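# Structural characterization, general
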Amino acid sequence: MKPHKLKSKFFKDKRGYLIEIIPNKIKKKFNYSILTESKKNVLRGMHFNNMMDEEKLVFILKGKILDVTINLNKGKNYGKIFYFNLKKNDILFIPKGFAHGYLCLDKINTILYLLNKKYSGKNNSGFRWNDKAFNIKWNIKKPILSRKDSHLEGYKKN
């Protein structure tokens, strides 16, 4: 399985709108959620779960992002990079075994994550956003990084 955008039901009338956060066709359980708000040029990632058992839905509440996922599963598609330009109300499903990161493109970007696993510091890992092993095309030279992300090293394949 690879990451893919999803369509959800969207209902709009004179009062406003209603939208599904988890489209009905997704038969997964998500029991943990995170909300982030970031300014332009913030780059979050590249993060992954060491157990390779985490699944995510990424829902864009406001703004635009360049979302990047990399297949870390052993096999012929190992290292394959998937790029998604996401905007308000877009949903991305990320299956197990993928590293994930994104670059914020609007002034304010609000993202809702739904995950099948609770956050665990000991199982959470990552690698540098500009790791030479993957050569991700971010189209930015000096993103705004968290302290943690700025100290990440290159990816170490198990």
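Model, not experiment: these values are computed from the prediction.

### Structural notes on the packing of aromatic side chains
Evaluation of the coordinates by the stated rule reveals 8 aromatic pairs. Centroid distance phenylalanine 48 to tyrosine 155: 5.7 Å. Interplanar angle 70 degrees. Geometry classified as edge-to-face. Of the two residues, phenylalanine 48 sits in strand E5 (residues 43-49) while tyrosine 155 sits in the segment after helix H1 (147-150), which places them 107 residues apart along the sequence. Residue phenylalanine 48 is classed as buried on the basis of its relative accessible area of 8%. Both rings, one in phenylalanine 134 and one in tyrosine 155, keep their centres 5.7 Å apart while their planes meet at 50 degrees; by these two values the pair is tilted. Separated by 21 residues along the polypeptide, phenylalanine 134 in the loop between strand E12 (124-126) and H1 and tyrosine 155 in the segment after H1 bring together distant segments of the chain. A relative accessible area of 15% means that tyrosine 155 is categorised as buried. One aromatic cluster is present, built from ring pairs that chain together Phe48, Phe127, Phe134 and Tyr155.

### A word on the sheet that holds E12
The 5 strands lie next to each other as E8-E7-E10-E5-E12, forming an open sheet whose pairing is antiparallel. Looking at the sheet topology across the chains shown, the edges are occupied by strand E8 (81-87) and E12. Taken over all neighbouring pairs, the strand axes of this sheet differ in orientation by 25 degrees on average, direction set aside.

### Describing the side chain of glutamate 55
Structurally, the position occupied by glutamate 55 is in the loop between E5 and strand E6 (56-62). Only 3.0 Å separates the side chain of glutamate 55 from the side chain of lysine 28, close enough to count as a polar contact. Sequence-distant contacts of glutamate 55, that is, excluding residues within four places in its chain, are made with Lys28, Phe30, Phe93, Ile94, Pro95, Lys96, Leu114, Leu115 and Asn116.

### Some details on the pairing of E6
Two faces, one strand: in a regular strand the side chains alternate between the faces of the sheet. For E6, a buried count of 5 out of 7 residues is recorded, marking the element as mostly surrounded by other parts of the structure. Of the strand pairs in this sheet, E6 and strand E9 (residues 91-94) are connected by 4 bridges, and their pairing is antiparallel. By the bridge assignment for E9, phenylalanine 59 is matched with isoleucine 91. Relative to strand E11 (residues 108-115), E6 is paired through 6 bridges, and the arrangement is antiparallel. Residue pairing across strands places phenylalanine 59 opposite leucine 112, the latter belonging to E11.

What counts, and at which threshold
Residues numbered from 1 in each chain as written. Predicted model: local features only at pLDDT ≥ 70, side-chain atom pairs only at ≥ 80, totals over all residues. Heavy atoms only, no water. Phe/Tyr/Trp six-rings, centres within 6.5 Å; stacked < 30°, edge-to-face > 60°. Helix = DSSP H or I, 4+ residues; strand = E, 2+ residues; numbered from the N terminus. Buried < 20%, exposed > 50% of the residue type's maximum accessible area, 1.4 Å probe, protein only. Pairing = 2+ DSSP bridges. Axes fitted to C-alpha atoms, helices over the stretch in contact; angles between N-to-C directions. Polar contact = N/O pair within 3.5 Å; in protein donor to acceptor, adjacent residues only side chain to side chain. Contact = heavy atoms within 4.5 Å.

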